[in-house]
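# Structural description and commentary
Residue strings, one per chain:
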Amino acid sequence: MDNVITGTRRSGKTTNAILMSHNEGKRIITYNYPSVQSIMDKTKDMGLEIKEPVTIHEIEKDGIESLEEYIVDEAQLVLQNLLAKRNIEVTDMFVTKNIDLG
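Residues numbered from 1 in each chain as written. Predicted model: local features only at pLDDT ≥ 70, side-chain atom pairs only at ≥ 80, totals over all residues. Heavy atoms only, no water.

Here the focus is the overall build of the protein. Across its full length, the protein carries four helices and three strands. Put simply, the protein runs from its N terminus to its C terminus through helices and strands in the order α-β-α-β-α-β-α. Looking at the protein residue by residue over its 102 residues, the buried ones come to 24%. Surface exposure of the protein reaches about 7,600 Å², of which carbon and sulfur atoms provide 49%. (Helix = DSSP H or I, 4+ residues; strand = E, 2+ residues; numbered from the N terminus. Buried < 20%, exposed > 50% of the residue type's maximum accessible area, 1.4 Å probe, protein only. Areas by Shrake-Rupley, 256 points an atom, 1.4 Å probe, with all protein chains shown as cover.)

In structure tokens form, the structure reads like this:
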């Protein structure tokens, strides 16, 4: 993983993912089909083109295409959906930079 983009709601994380997808040609993975539609609508509004995003359910069903790199949008929800089917609980997770360990 090269980058982790964090931020509050409506801070531009998905917009940034769309820009990365457009510029780098990477497909976006998200947690459900309404999220795919939202990403495609936002992409259209931005006047950009990207590969059709996929859901974690499609990845589980069809497998990840070999050697393709992905961008994960809403990583916590993707992980929760992936692990929920295996009866594994996920607590809130966060990424922080510049941790001072004393």
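The next thing to look at is the sheet that holds strand β2 (residues 54-55). The three strands lie next to each other as β2-β1-β3, forming an open sheet whose pairing is parallel. Edge positions in the open sheet fall to β2 and β3 (70-72), since each of these has one partner strand only. With two bridges joining them, strand β1 (residues 27-30) and β2 adopt parallel strand pairing. Across the sheet, the residue bridging to I29 is V54, located in β2. Lying on the sheet, helix α2 (residues 33-45) is in contact with β1 and β2; it crosses β1 at an angle near 140 degrees. (Pairing = 2+ DSSP bridges. Contact = heavy atoms within 4.5 Å. Axes fitted to C-alpha atoms, helices over the stretch in contact; angles between N-to-C directions.)

Within the element layout of this structure, Y31 appears in the loop between β1 and α2. For Y31, a relative accessible area of 22% puts it in the partly exposed group. C-alpha of Y31 to C-alpha of H57: the two residues are 26 residues apart in sequence and 7.6 Å apart in space.

Let's shift gears to the side chain of T43. Along the chain, T43 turns up in helix α2. The class of T43 is buried, set by a relative accessible area of 1%. In this structure T43 touches I18, L48, E49 and I50, once residues within four positions along its chain are discounted.

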